[in-house]
Number of protein chains: 2
Amino acid sequence: MYQKCIVITSQLWILSRLFVKSRLVQFVNLAPLMEPKLGIVAGGGELPRKLASACIDNGREFLILALEGQTNKRMIESFPYKTIRMGDVGKGIKFLRDAQVIELVFAGSIKRPSLRELKLDAWALKKAALLGLKWIGDDSILSKLIQALEGEGFSVIGPDDILSNCIASPGTYGKNFPTDEQEADIKHGLRVARVVGELDIGQAAVVQQGIVLGVEGIDGTDALIRRCTPLQRSGLGAILIKTCKPQQERRIDLPVIGVDTIKTLVQSKFSGVVIEAGRAIVLDKNELTGIADQSGVFVMAVEF
Amino acid sequence: MYQKCIVITSQLWILSRLFVKSRLVQFVNLAPLMEPKLGIVAGGGELPRKLASACIDNGREFLILALEGQTNKRMIESFPYKTIRMGDVGKGIKFLRDAQVIELVFAGSIKRPSLRELKLDAWALKKAALLGLKWIGDDSILSKLIQALEGEGFSVIGPDDILSNCIASPGTYGKNFPTDEQEADIKHGLRVARVVGELDIGQAAVVQQGIVLGVEGIDGTDALIRRCTPLQRSGLGAILIKTCKPQQERRIDLPVIGVDTIKTLVQSKFSGVVIEAGRAIVLDKNELTGIADQSGVFVMAVEF
């Protein structure tokens, strides 16, 4: 019976590959027996390495597509990877096809380049014209990019599909908690971050003692932390609040916190970080909790 | 008749000074014959100097109260002034009283200090306790400060009361205009700046080619321009949009643009600046227009 199941599954798999361009593959559930090869499109941070490790742990084939100027090479150099310029989308697609990649996952933060830096190749220019991507850098490009890639026969999944045990669950990580006054700050900060997200400005806000020190622009969260650090008042340090934009394409750019995040917060004399339960990824939970406990920083996921 | 009028006015004036603490002075209109001595509480930028010049032009007595770490000494050193620490509010009030100042005007941007930097004196601590100023730095402190100063017998006026011909009128200054696409950016930017103001985050936003590059936090407009400069894409440069917070105490912190603003925008390769008609001060209009025309930067005041 089991044997027969595998044969049928294999036949289905071959069939699904033939129809991959018409996206029939989405209706054929082959996991966990034969997961297709995964292409990890790697931005910055720790996430690409984590996904690669998860693939190794699960015996899944994968390839990393590192983006010039975005991916931290140190993080991925021990895995199979190829580097391309962000504008060379056509070349990237060809590389992934040649390597028989079916599923794609976008992992890690992407610094938005200028159009000049991008130097779009023929594929990207054609798609940009077709999809009306007038302004590269607009957040809507992300969902349009997914559409275009699915049109090319790839299936795009979210990092949380692979790291499902890393999705933030409600509550605090570790033994540190915000004070009552900080609870009020968090409430205000969540509202601010959400509005700032709705306006497609950024995902994060920094609050301290009732004051919003700053909100994220396209400069990103690290830059936000850097510029808010010297703006802090004495007393309890600032709180970083990071939410999802309501309209956000969840398969790309889900907030991620990890050990490095906590270390940055400690260095910056922040008092804590708040993320949304179910809408953020927490990497290396145990190590992260250990560092948070030692340093007095609170890490909190709230339902919002 | 004229002589008599002066005598009566002088008597009224002496009377009004006796009742100044009960704020009767507000009902005695002595202008323009005998305007009371003006205290200019000076923040950064060109505004303090402009107000001092306007006083000289109108033959009005004045004194500048320069704030340590805020006022640009070069701007005011040719006028009568005294420097105090921002926290020494009681000392400042005594100084103004001794100098027989009746009306006060707040001029120029104030960088918000931390509580530690402030080191509030006895007067300020008492008022802070009475007025519930839990968090110095909150915007509401400004209107509370005005209340407190009026309780001390001063009348607080806005810079636009003195520089009424400097209030921004609708339209463009000079010959440069935004493009149709930039008009859409401006519309979006105004909406963003207004929401960011409502949330008491800041007054300004920077937009370019459909993208919000950043919004002002408590770091201020100059810092916003600095951090958005390298985030610009190629093509038409970014636009600075500066609005009033809807809840703003207009007598303090009305947006001001001047020659220096335009020079900063030119250096930063911005394409223009948008302010609110009737809710911003434009200094040195002719010189500003000349520089804007030469450099291709547009300056626009919109009704909003």
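Conventions adopted
- Residues numbered from 1 in each chain as written.
- Chains lettered and ligands numbered in written order.
- Predicted model: local features only at pLDDT ≥ 70, side-chain atom pairs only at ≥ 80, totals over all residues.
- Heavy atoms only, no water.
- Helix = DSSP H or I, 4+ residues; strand = E, 2+ residues; numbered from the N terminus.
- Buried < 20%, exposed > 50% of the residue type's maximum accessible area, 1.4 Å probe, protein only.
- Contact = heavy atoms within 4.5 Å.
- Areas by Shrake-Rupley, 256 points an atom, 1.4 Å probe, with all protein chains shown as cover.
- Pairing = 2+ DSSP bridges.
- Axes fitted to C-alpha atoms, helices over the stretch in contact; angles between N-to-C directions.
- Parallel < 35°, antiparallel > 145°, perpendicular 65-115°, else oblique.
- Left-handed = near helix turned anticlockwise from the far one by under 90°.
- Nonpolar A, V, L, I, M, F, W, Y, C, P; charged D, E, K, R; others polar.
- Core = buried A, V, L, I, M, F, W, Y, C linked by side-chain atoms within 4.5 Å.
- Phe/Tyr/Trp six-rings, centres within 6.5 Å; stacked < 30°, edge-to-face > 60°.
- Salt bridge = Lys/Arg side-chain N within 4 Å of Asp/Glu carboxyl O.
- pLDDT = per-residue confidence, 0-100.
- Right-handed = clockwise from strand over helix to strand, strands pointing away.

A few words now on the overall build of chain A. For chain A, the helix and strand inventory stands at twelve helices and 13 strands. Looking at chain A as a whole, 55% of its 304 residues are labelled buried. Across chain A, every contact between residues at least 6 apart in sequence was considered, and the portion connecting residues at least 24 apart equals 74%. For chain A, the accessible area works out to roughly 14100 Å², and carbon and sulfur atoms hold 53% of it.

Next up on the list: the sheet that holds strand β3 (residues 81-84) of chain A. Residue and element names in this part refer to chain A. The strand order β3-β2-β1-β4-β5 describes an open sheet built from five strands, whose pairing is parallel. The strands lining the two open edges of the sheet, one partner per strand, are β3 and β5 (155-157). On average, adjacent strands in this sheet sit at an angle of 25° to one another, irrespective of strand direction. As judged from the five bridges shared by strand β1 (residues 38-42) and strand β4 (residues 103-107), these two strands associate in the parallel manner. What sits directly across from A42, in β4, is A107. Relative to β1, helix α2 (residues 47-57) is tilted by about 165°, and along the sheet it contacts β1, β2 (62-67) and β4.

Residues and elements named next belong to chain A. At a minimum axis distance of 9 Å, the contact between helix α11 (residues 259-267) and helix α12 (residues 285-295) shows a crossing angle of 15°. It follows that α11 is roughly parallel to α12 by the angle criterion. Relative to α12, the crossing made by α11 is left-handed. Note on element contacts: α12 touches α11 through E287, L288, I291, A292 and S295, opposite V259, I262, K263 and V266. Looking at the contact of α11 with α12 residue by residue, the classes come out as six nonpolar, one polar and two charged.

Right, let's get into helix α4 (residues 89-98) of chain B. Every buried residue of α4 of chain B is listed here: V89, G90, G92, I93, F95 and L96 of chain B. The positive-phi residue at the C-terminal boundary of α4 of chain B is Q100 of chain B, with phi of around 60°.

Strands in a sheet are paired, the pairing made by backbone hydrogen bonds, and the direction either parallel or antiparallel. All names here are of chain B. Ordered by their spatial adjacency, five strands build an open sheet running β3-β2-β1-β4-β5, and the pairing between neighbours is parallel. The open sheet has two free edges, formed respectively by β3 (81-84) and β5 (155-157), since each of these has just one partner strand. Pairwise comparison of adjacent strand axes, ignoring direction, gives a mean angle of 25° for this sheet. Its contacts with the sheet put helix α2 (residues 47-57) on β1 (38-42), β2 (62-67) and β4 (103-107), and the angle it makes with β1 is roughly 165°.

The subject of this paragraph is the nonpolar core. Nonpolar side chains in soluble globular proteins tend to end up buried together. V192, I201, V215 and V274 of chain A together with V192, V215 and V274 of chain B are the most contacted members of the largest nonpolar core, which totals 36 residues. With near-sequence residues (within four places) excluded, I201 of chain A lies in contact with V196, E216, G217 and I218 of chain A together with V192, V196, V212 and V215 of chain B.

All names here are of chain A. For G278, the location among the structural elements is in the loop between β11 (272-276) and β12 (281-282). A C-alpha to C-alpha distance of 5.3 Å links G278 and A168, two positions 110 residues apart in sequence. Excluding its chain neighbours within four sequence positions, the residues that come into contact with G278 are I167, A168 and R250.

Residue and element names in this part refer to chain A. Counted under the stated rule, the structure contains two aromatic pairs over all chains. Ring centres of F62 and F79 lie 5.9 Å apart, and the angle between their planes is 65°; this geometry places the pair in the edge-to-face category. On the criterion of sequence distance, the pair formed by F62 in strand β2 and F79 in the loop between α3 (73-76) and β3 is long-range, its members being 17 residues apart. By the burial criterion, F62 is buried, and F79 matches it.

All names here are of chain B. Within the secondary structure layout, T243 lies in the loop between β9 (239-242) and β10 (256-257). For T243, a relative accessible area of 1% gives the class buried. If sequence neighbours within four positions are ignored, T243 has contacts with L190, A193, R194, Q203, P255 and E276.

Moving on to the pairing of strand β13 (residues 298-302) of chain A. Residue and element names in this part refer to chain A. Of all five residues making up β13, five are buried, and the element is well covered by its neighbours. Judged by which residues are buried, β13 turns out to be covered on both faces: F298, M300 and V302 on one side and V299 and A301 on the other are all buried. Pairing of strand β6 (residues 171-173) with β13 involves three bridges; the strand directions are antiparallel. Note that in β13 the partner of Y173 across the bridge is V299. Pairing between β11 and β13: five bridges, direction parallel. Residue pairing for β13: V274 is matched across the bridge by M300.

It is worth spelling out the pattern of salt bridges at this point. Applying the stated criterion to the full structure yields 28 salt bridges over all chains. Across the salt bridge formed by R251 of chain A and E150 of chain A, the nearest N and O atoms sit 3.2 Å from each other. Note that R251 of chain A is positioned in the loop between β9 (239-242) and β10 (256-257) and E150 of chain A in helix α7 (residues 140-151), a separation of 101 residues in sequence. Among the residues examined, R251 of chain A registers a relative accessible area of 25% and is labelled partly exposed. For the salt bridge of E35 of chain B with R60 of chain B, the shortest nitrogen-to-oxygen distance reads 3.7 Å. Residue E35 of chain B is located in the loop between α1 (2-18) and β1, and its partner R60 of chain B is located in the loop between α2 and β2; the two are separated by 25 residues in the primary sequence. Classification of R60 of chain B as buried rests on a relative accessible area of 9%.

With that out of the way, let us pick up the confidence of the model for chain A. Scored by pLDDT, chain A comes out at a mean of 83, with 81% of its residues at no less than 70. Residue range residues 1-32 of chain A is modelled with pLDDT below 50. Its contacts to residues more than four positions away, or to other chains, number 22 contacts.

Before going further, it helps to spend a moment on unusual backbone geometry. Of note in the backbone geometry, Q209 of chain A takes a positive phi value of approximately 50° without being a glycine. Tracing the chain through its elements places Q209 of chain A in the loop between β7 (204-208) and β8 (211-215). For Q209 of chain A, a relative accessible area of 18% gives the class buried. At K269 of chain B, a residue that is not glycine, the phi angle is positive and equals roughly 60°. Looking at the secondary structure, you find K269 of chain B in the loop between α11 (259-267) and β11 (272-276). You can call K269 of chain B exposed: its relative accessible area is 64%.

Bringing the pairing of β1 of chain A into the picture now. Residue and element names in this part refer to chain A. Most of β1 is tucked away, with five of its five residues classed as buried. Going residue by residue along β1, you find L38, I40 and A42 tucked away on one face and G39 and V41 tucked away on the opposite face as well. When β1 meets β2, the two strands line up parallel, connected through five bridges. Residue pairing for β2: L38 is matched across the bridge by F62. Read as a crossover between parallel neighbours, the route from β1 over α2 to β2 is right-handed.

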